[in-house]
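Residue-level listing of the chains:
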Amino acid sequence: MDDKYFMKMALALAKKGQGFTSPNPMVGAVVVNDGRVVGKGYHRAVGEAHAEINAINDAGIASKGATLYVSLEPCNHTGRTPPCSIEICKAGINRVVVAMNDPNPDVNGGGIDYIKSRGVKITSGVCEEEAKRLNEAYIKYVTTKRPFVIVKCASTLDGRIATRTGDSKWISGEESRAFVHRLRHAVDGIMVGINTVKKDNPALTTRLQDMKGRDPARIILDTNLSMPEEAKVLRLDSDSNTIIITGDFAPEDKKIRLEAQSAKIIKTPVKDNLIDLDQLMDKLGSLSITSLLIEGGSRVIASALSAKIVDKVIFFYGPKILGGDDGVPVCKGSGPDLMDGCISVKNINVRRFGDDVMIEGYIEDKEVRGQGSEV
């Protein structure tokens, strides 16, 4: 068994913290002594002990002379918890294997340097790409202070997300919809436009069968503050906020009534009578929203792509053909004149959920020639 074997174990442990650690990263750790795993741990939730400490505590005295595998560089600063680098050296660990350096300016290289200065051997870069993929939202957030943005949609094979009457239940199957709730649990915020709220009246909560999921903050783009006061998103028993993004000219009396229902109203710059999504990302970042799932509708998706804020796309294709050109397209509005103006997607991953096909990929560049922002 080599370093990769134990690091993959650490990465699997790290993923157990998904949905609970933000704005911290997901981290897993394994202590190995004489080829045998003697301790395991992961970062369970923000404010709780880090993975390295949990693994060392699990190993006890067997940590002395052992190798520690950790999916992210140990911290060397005091935040909500003490520095892990100091505790690693105190435990008598004689080798540390790290998947990736921590891009956080408070950590970057400091943890590794401290451990190395105490005579502990360091190996880094083991399963680095897997580690970066796991914490892609954290990496973007700590380096830009803006959320990692995912666009998700479900479409027929001929590219429609609803019929001409707006009916969309259900394009995708139960397995796909269950996966989407896993996505919701994993992100800090979920964003839709006001037309989606008016048409579908969604709850935008997380519903998981095997555990109590975490609800993301519900972010509604509503330039003119036309939110129905009886909407579900205003009447939920949820630990997360409903945040309504509106323009400076929103009526004050309506704002007061919505705030009385515990909605958070954020006024944001408007561009061509539409919410400026680029500036909105800075505001959401300041609220510690490290990841954002955009679920629609079609104008919101097109606006997000046009505003160049999207990092990742997840498209589900159900085995259905609408068979007409009058349904609702994935993106609404005008696109480029030539195929050369299309948005390129890279690092494609294809999965099956029942009869549905999911295509996941990353925006290669953000030179999009399209329309402005959101409704």
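Residues numbered from 1 in each chain as written. Predicted model: local features only at pLDDT ≥ 70, side-chain atom pairs only at ≥ 80, totals over all residues. Heavy atoms only, no water.

### Focus: a nonpolar patch on the surface
A cluster of nonpolar side chains, namely Val345, Ile348, Val350 and Ile359, defines an oily patch on the protein surface of about 310 Å² accessible area. A per-element tally of the nonpolar patch places strand 17 (residues 345-353) first, with three residues. Taking the relative accessible area as the measure of exposure, valine 345 reaches 35% and is therefore partly exposed. (Patch = residues over 30% accessible without salt bridge, like charges linked within 9 Å, V, L, I, M, F, W, Y side chains within 5 Å. Areas by Shrake-Rupley, 256 points an atom, 1.4 Å probe, with all protein chains shown as cover. Salt bridge = Lys/Arg side-chain N within 4 Å of Asp/Glu carboxyl O. Helix = DSSP H or I, 4+ residues; strand = E, 2+ residues; numbered from the N terminus. Buried < 20%, exposed > 50% of the residue type's maximum accessible area, 1.4 Å probe, protein only.)

### Comments concerning the sheet that holds strand 3 (residues 67-70)
Strand order in the open sheet formed by five strands is 2-1-3-4-5, with mixed pairing between adjacent strands. Two strands lie at the open edges of the sheet, namely strand 2 (36-42) and strand 5 (121-124), each paired on one side alone. Across the sheet, the axes of successive neighbouring strands diverge by a mean angle of 15°, strand direction being ignored. By the bridge criterion, six bridges tie strand 1 (residues 28-33) to strand 2 in an arrangement that is antiparallel. If you follow alanine 29 over to strand 2, its bridge partner there is glycine 41. The strands touched by helix 2 (residues 51-59) within the sheet are strand 1, strand 2 and strand 3, with strand 2 carrying the most contacts at an inclination of about 140°. (Pairing = 2+ DSSP bridges. Axes fitted to C-alpha atoms, helices over the stretch in contact; angles between N-to-C directions. Contact = heavy atoms within 4.5 Å.)

### Overview of unusual backbone geometry
Residues serine 22 and proline 23 are joined by a peptide bond in cis, for which omega reads 10°. Tracing the chain through its elements places proline 23 in the loop between helix 1 (3-15) and strand 1. Residue glycine 297 is bonded to the preceding glycine 296 through a cis peptide linkage, with omega at 5°. Residue position: glycine 297 is located in the loop between strand 14 (291-296) and helix 11 (298-306). A positive phi angle is found at aspartate 34, which is not glycine, with a value near 55°. Along the chain, aspartate 34 falls in the loop between strand 1 and strand 2. Residue serine 288 is not a glycine yet carries a positive backbone phi of 65°. Structurally, the position occupied by serine 288 is in the loop between helix 10 (277-286) and strand 14.

### A closer look at the environment of aspartate 248
Positionally, aspartate 248 belongs in the loop between strand 10 (242-246) and helix 9 (252-259). With 154 residues separating them along the chain, aspartate 248 and asparagine 94 place their C-alpha atoms 58 Å apart. Not counting residues within four places of it along the chain, the set of residues in contact with aspartate 248 comprises Lys267 and Thr268.

### Observations concerning the sheet that holds strand 15 (residues 312-317)
The sheet built from nine strands is open, its strands ordered 11-10-9-8-14-6-15-18-17 with mixed pairing. On the outer flanks of this sheet lie strand 11 (264-267) and strand 17, each paired with one strand and no other. On average, each strand axis in the sheet is inclined to that of its neighbour by 20°, with strand direction left out of account. Here strand 6 (residues 148-155) runs beside strand 14; their pairing, made up of four bridges, is parallel.

### Concerning the confidence of the model for the protein chain
Looking at the protein chain as a whole, its pLDDT mean stands at 91, while 95% of the residues score no less than 70. Predicted confidence is poor over residues 366-375, with pLDDT under 50, and the contacts of this stretch with residues over four places away or in other chains come to 46 contacts. (pLDDT = per-residue confidence, 0-100.)

### A few points about helix 2
When we look at burial in helix 2, the residues that qualify are Ala51, Glu52, Ile53, Ala55, Ile56 and Ala59. Those residues of helix 2 hidden inside the fold are in contact with strand 1, strand 2, strand 3 and helix 3 (84-90). Two residues or fewer after helix 2 comes glycine 60, characterised by a positive phi angle close to 65°.

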